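# Summary of structural features
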Amino acid sequence: MLSKLLVAWSLMALCVVIHASGVTSAVRWVTARQGRTRTFWAWNWLFIRLAGWIVLLHLVEITAWASVYAWQHAMPDLPSGLYFSAVTYTTTGYGDLMLPREWRLVGGVEALTGILMCGWSTAFFLAIVGRMFEGRVPAEAGGPHPATRRP
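Here we summarise the structure given alongside this text. The written sequence of each chain sets the order in which its residues are numbered from 1. Where totals are concerned, whole chains, interfaces and linings use all residues; where local detail is concerned, this predicted model gives features only for residues with pLDDT of at least 70, and gives and counts side-chain atom pairs only at 80 or more. Hydrogens and waters are ignored; side-chain quantities use all the structure's heavy atoms.

## Quick notes on the overall build of the protein
Here a strand is any run of E in DSSP of at least two residues, a helix any run of H or I of at least four, and the numbering for each starts at the N terminus. Regarding its fold elements, the protein presents 4 helices and 0 strands. Sequence-ordered secondary structure for the protein, helices as α and strands as β, is α-α-α-α. Working definition: with a 1.4 Å probe on protein chains only, accessible area under 20% of the residue-type maximum means buried, over 50% means exposed, and in between means partly exposed. Sorting the 151 residues of the protein into buried and exposed places 32% on the buried side. Per-residue accessibility takes into account occlusion by the displayed protein chains alone, with areas from the Shrake-Rupley method and a 1.4 Å probe. As displayed, the protein has an accessible area near 9,400 Å², and 68% of this comes from carbon and sulfur atoms.

## Digging into helix α2 (residues 40-71)
The terminal C-alpha atoms of α2 lie 46 Å apart, and with 32 residues this matches the ideal 46 Å at 1.5 Å per residue to within 8%. Just downstream of α2 lies His73, where phi reads positive at about 60 degrees. For a helix, the expected span equals 1.5 Å multiplied by the residue count minus one.

## Examining unusual backbone geometry
For His73, which is not a glycine, the phi torsion comes out positive at approximately 60 degrees. In this structure His73 comes out as exposed when scored by relative accessible area, which is 69%. One non-glycine residue, Thr91, lies in positive phi territory at about 60 degrees. With respect to the element layout, Thr91 can be found in the loop between α3 (78-89) and α4 (104-133).

## Examining α3
Spanning 12 residues, α3 covers 15 Å between terminal C-alpha atoms, matching the ideal 16 Å at 1.5 Å per step. Buried within α3 we find Ser80, Gly81, Phe84, Ser85, Val87, Thr88 and Tyr89. Should any heavy atoms of two residues lie within 4.5 Å, those residues are considered in contact. Buried-residue contacts for α3 involve α2 and α4. Looking one or two residues past α3, Thr91 carries a phi angle of roughly 60 degrees, positive in sign.

## Side note on the packing of α2 against α3
Relative orientation of the contacting elements α2 and α3 amounts to 125 degrees, with a least axis distance of 8 Å. In terms of orientation, α2 lies oblique with respect to α3. In this structure, the crossing between α2 and α3 has a hand that is right-handed. Facing α2, whose interface residues are His58, Glu61, Ile62, Thr63, Trp65, Ala66, Ser67, Tyr69 and Ala70, α3 presents Leu78, Gly81, Leu82, Phe84, Ser85, Ala86 and Tyr89. Any residue outside Ala, Val, Leu, Ile, Met, Phe, Trp, Tyr, Cys, Pro, Asp, Glu, Lys and Arg is labelled polar, Gly included; the first ten of those are nonpolar and the last four are charged. In terms of residue class, the contact of α2 with α3 is built from 10 nonpolar, 5 polar and 1 charged. In this analysis an axis means a line fitted to C-alpha atoms, helices contributing only their contacting stretch, and an angle means the value between N-to-C directions, from 0 to 180 degrees. Each angle receives one of four descriptions, namely roughly parallel if under 35 degrees, roughly antiparallel if over 145, roughly perpendicular if within 65 to 115, and oblique otherwise. Note: crossing handedness is left-handed where the near helix turns anticlockwise from the far helix by less than a right angle, and right-handed where it turns clockwise.

## A few points about the nonpolar core
The nonpolar side chains of a soluble globular protein tend to be buried, and buried together. As used in this record, nonpolar core signifies buried Ala, Val, Leu, Ile, Met, Phe, Trp, Tyr and Cys residues forming a set joined through side-chain atoms within 4.5 Å. Among the nonpolar cores identified, the biggest contains 16 residues, and Trp65, Tyr69, Leu99, Trp103 and Val106 are the most heavily contacted of them. For this core, the secondary structure elements donating two or more residues are α1 (2-32), α2, α3 and α4. If one sorts the elements of this core by residue count, α2 sits on top with 5 residues. Residues within four places of Tyr69 in sequence aside, it is in contact with Ala74, Met75, Phe84, Ser85, Leu99, Trp103, Val106, Gly107 and Glu110. The next biggest cluster of nonpolar side chains, apart from the first, holds 13 residues, and it includes Ile18, Val30, Leu46 and Ile128.

## Describing a nonpolar patch on the surface
Where nonpolar side chains cluster on the molecular surface, the patch consists of Met1, Leu2, Leu5 and Leu105 and spans about 450 Å² of accessible area. One can find Leu105 in helix α4. Assessed through its relative accessible area of 45%, Leu105 is described here as partly exposed. Excluding any residue in a salt bridge, patches collect residues exceeding 30% relative accessible area, merging like charges within 9 Å and nonpolar Val, Leu, Ile, Met, Phe, Trp and Tyr side chains within 5 Å. Put simply, a salt bridge is a Lys or Arg side-chain nitrogen that is within 4 Å of an Asp or Glu carboxyl oxygen.

## Side note on the packing of aromatic side chains
Aromatic contacts are taken between Phe, Tyr and Trp rings whose centres are within 6.5 Å, Trp giving its six-membered ring; a plane angle under 30 degrees counts as stacked, one over 60 as edge-to-face, and the others as tilted. This structure, assessed with the given rule, holds 7 aromatic pairs. Measuring from centroid to centroid gives 6.5 Å for Trp65 and Tyr69, while their planes differ by 45 degrees, and the two rings are tilted. Here Trp65 and its partner Tyr69 are both found in helix α2, 4 residues apart, which amounts to about one turn of the helix. With respect to class, Trp65 is no different from Tyr69; both count as buried. On the accessibility criterion, Tyr69 (0% relative accessible area) is buried.

Structure (structure tokens):
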């Protein structure tokens, strides 16, 4: 069981590296375009591209878990591993495919990792939304009242 936990920890660490690299590159990309005036459609296009990038990061992470499951014969093949991993990582949990008994704790760690990575993605996305509204929303539109704005 200890060896399986080491595998799970290693995959979790790999997901953190993938996510950190991906989010860092997205931050650099958004920061490079920071000074531009943004319209409604420009912000929407930015969010669509960021959402696509974040989903791609998650798919790469899911593929890492699935590859190990297939390689170690915990799943019959890569397509089954990808399906199982996507369902587990997103905590959907259909239960139609199951890991062998000695791998079940690894599946739990994958679910916890997925929750953590999805939370990180949400925080990143909300930070970008916060940037959109930073000092740009008039009081009439729900922004801070001029008297309460910080200098």
